[in-house]
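Chain by chain, the residues run as shown.
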Amino acid sequence: MQTVLSPQLQEAIQSLIDNLLASEAFVQYQQAHAHLGTNSEAHTLLEQLTQSQGRVRQKQASGGVNQAELDSLRLLQQRVQRTPVIMEYAQSQQGAVSFLREINSEISELLGIDFATFANHSTC
Amino acid sequence: MDIKVFDDIEIAPASVVKRAARDFAAALSETPQSKAFKQAAEQFRQDQSAQEAVKAFQEKQMSLRPLLMLNALSPEQRSELESLQSAFVNQPVVQEYFKAQTEFASLCQTLGDAISESIGLNYAAACGVSCCG
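Note that the structure is predicted; figures quoted are calculated from it, not measured. Each chain has its residues counted from 1, running along the sequence as written. Starting at A for chains and at 1 for ligands, labels are handed out in the order in which the entities are written. Given that the model is predicted, a residue must reach a pLDDT of at least 70 before its local features are reported, and side-chain atom pairs must reach 80 or more before they are shown or counted; all residues, however, enter totals for whole chains, interfaces and linings.

1. A word on the overall build of chain A
Formally: In DSSP terms, a helix is any run of H or I states spanning at least four residues, a strand is any run of E spanning at least two, and both are numbered starting from the N terminus. Our radius of gyration looks at C-alpha atoms and nothing else; its globule reference is 2.2 Å times the residue count to the power 0.38.
Scanning chain A from terminus to terminus reveals six helices and zero strands. Listed N to C, the secondary structure of chain A is α-α-α-α-α-α in terms of helices and strands. Relative to the 2.2 N^0.38 estimate, which gives 14 Å for 124 residues, the radius of gyration of chain A is 20 Å and therefore markedly larger than a compact globule would have. Based on the C-alpha atoms only, the size of chain A along its principal axes is roughly 60 × 35 × 25 Å.

2. Focus on the overall build of chain B
To keep things clear, this is the line we draw: Our exposure labels follow a C-beta count within 10 Å of each residue's own C-beta, placed from the backbone: buried means 20 or more other C-beta atoms, exposed means 12 or fewer, and partly exposed covers the counts in between. Contacts here follow a simple rule: the backbone-placed C-beta atoms of the two residues must lie within 7 Å.
Scanning chain B from terminus to terminus reveals seven helices and two strands. The order of α-helices and β-strands along chain B, N terminus first, is β-β-α-α-α-α-α-α-α. Taken against the 2.2 N^0.38 rule, which gives 14 Å for 133 residues, the C-alpha radius of gyration of chain B at 22 Å runs more than 25% over that of a compact globule. Along the three orthogonal principal directions, the C-alpha set of chain B runs to about 70 × 35 × 20 Å. In chain B, buried positions account for 23% of the 133 residues. Contacts in chain B between residues at least 24 apart in sequence constitute 58% of all its contacts with a sequence separation of at least 6.

3. A few points about the interface of chain A and chain B
What counts, and what does not: For this classification, the nonpolar set comprises Ala, Val, Leu, Ile, Met, Phe, Trp, Tyr, Cys and Pro, the charged set comprises Asp, Glu, Lys and Arg, and every other residue, Gly included, is treated as polar.
Listed per partner, the contact involves 37 residues of chain A and 42 residues of chain B. Sorting the residues of the side of chain A that touches chain B by element identifies helix H1 (7–21), helix H2 (24–37), helix H5 (84–111) and helix H6 (115–119) of chain A as the ones contributing at least two each. Taken together, the residues of the side of chain A that touches chain B sort by class into 22 nonpolar, 12 polar and three charged.

4. Notes on the nonpolar core
Note the threshold: Buried Ala, Val, Leu, Ile, Met, Phe, Trp, Tyr and Cys residues form a nonpolar core when they are connected through C-beta atoms within 7 Å.
In this structure, A:Phe115, A:Ala119, B:Ala21, B:Phe24, B:Cys108 and B:Tyr123 are the most contacted members of the largest nonpolar core, which totals 49 residues. At 10 residues, helix H6 (residues 92–119) of chain B tops the list of elements feeding residues into this core. Each residue touching B:Tyr123, except ones within four places of it in the same chain, is listed here: A:Leu100, A:Ala116, A:Ala119, B:Gly112, B:Ile115 and B:Ser116.

5. Structural notes on the environment of B:Leu81
Residues and elements named next belong to chain B. You can see Leu-81 is positioned in helix H5 (residues 75–89). For Leu-81, a count of 18 C-beta atoms within 10 Å translates into the label partly exposed. When the C-alpha positions of Leu-81 and Gln-46 are compared, they lie 24 Å apart, and in sequence the two are 35 residues distant. Beyond its immediate chain neighbours, meaning those up to four positions away, Leu-81 contacts Lys-60, Gln-61 and Leu-64.

6. As for the confidence of the model for chain B
All names here are of chain B. So the rule is basically this: pLDDT measures how confident the predictor is about each residue, on a scale from 0 to 100.
For chain B, per-residue confidence averages 91 on the pLDDT scale, and residues scoring 70 or more make up 91% of the total. Within chain B, the lowest mean pLDDT, 55, falls on strand E1 (residues 4–6), and the highest, 97, falls on helix H1 (residues 14–29). Under the prediction, the complex receives an ipTM of 0.85, its pTM being 0.84.

7. Brief notes about the packing of H1(A) against H6(B)
Rule in force here: Axis lines are fitted to C-alpha atoms, over the contacting stretch for helices. Their N-to-C directions set the angle, which ranges from 0 to 180 degrees. Angle categories are assigned with fixed cut-offs, so that under 35 degrees is roughly parallel, over 145 is roughly antiparallel, 65 to 115 is roughly perpendicular, and the rest are oblique. Crossings are classed by handedness, with left-handed meaning an anticlockwise turn of the near helix from the far one by less than a right angle and right-handed meaning a clockwise turn.
It is the contact of H1(A) with H6(B), at a shortest axis distance of 10 Å, that shows an interaxial angle of 30°. Here H1(A) lies roughly parallel to H6(B), going by the angle between them. The handedness of the crossing between H1(A) and H6(B) comes out as right-handed. Packed against H1(A), whose contacting residues are A:Ile13, A:Ile17, A:Leu20 and A:Leu21, the element H6(B) presents B:Leu111, B:Ala114, B:Ile115, B:Ser118 and B:Ile119 at the interface.

8. Quick word on H1(A)
All names here are of chain A. Inclusion rule: Take the residue count of a helix, subtract one, and multiply by 1.5 Å to get its expected span. Of all possible arcs, the one meant is that of the directions from the helix axis to the C-beta atoms.
Here H1 spans 21 Å end to end across 15 residues, near enough to the 21 Å set by a 1.5 Å rise per residue. The set of residues buried in H1 consists of Ala-12, Ile-13, Leu-16, Asn-19 and Leu-20. Taken end-on, H1 shows its buried residues confined to a sector of 130°, consistent with a single buried face.

9. Remarks on unusual backbone geometry
In this structure, B:Asn71 is a non-glycine residue whose phi angle is positive, near 55°. By the secondary structure assignment, B:Asn71 is in the loop between helix H4 (65–69) and H5.

10. Side note on the packing of H1(A) against H1(B)
The geometry of H1(A) relative to H1(B) is characterised by a closest axis approach of 9 Å and an angle of 160° between their N-to-C directions. By the angle class used here, H1(A) and H1(B) are roughly antiparallel. As for how H1(A) packs across H1(B), the hand of that crossing is left-handed. Mapping the contact onto sequence places A:Gln8, A:Leu9, A:Ala12, A:Ile13, A:Ser15, A:Leu16, A:Asn19 and A:Leu20 in H1(A) and B:Val16, B:Val17, B:Ala20, B:Ala21, B:Asp23, B:Phe24, B:Ala27 and B:Leu28 in H1(B). Within the contact of H1(A) with H1(B), the residues separate by chemical class into 12 nonpolar, three polar and one charged.

As structure tokens, then:
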């Protein structure tokens, strides 16, 4: 069933979203995201890292990971850490997350419950 | 409005965003779902029979915790725990509390989803809530 929001609540949430998107933390995050999106080399590197992490995790679970694969993963991690556009994105995302937590505290303090916990879709 | 410019983009100061957050919380607290949840929680707190039932269940659950973690309860222990749980959850005031909580959570989820979609981050996950709350 779709929840119908009152006009007051619609206005309040839109204002919160607009202000969040205009905050320094989120402007930096959006800019870093856009920079990352236009850098195909960084994209490829992140894809390689994700694939390598997945392979190592799978093999660790079955006890069959070898040193060459671990070395390859470490090399990719070092390359990622030396890529400014990726680090800029990771740091800006961390900044946005920290700011969002501050905002959640403001909301939760007034409500008397943790808003994020209630907003969570529990799946377990 | 107190706004500074950041690479030709207008930046909302943190104080302004926090005020918008408080206005949002105030609007949310005025919804029927929030009022019903607060009222149900208060009735639950003031209902002596429900409080005793929840205390009895929690105390038994705590005393059996090591066995519960090992999934090693005897049939008698399991039956006693289930019986205490039923005595707790079947209290009308508890049922009303769970119903109000579910309806309020549903509204919060709709709002959280709207924020997540707009900002490109999962709101609950970013605020440190795991799938198990």
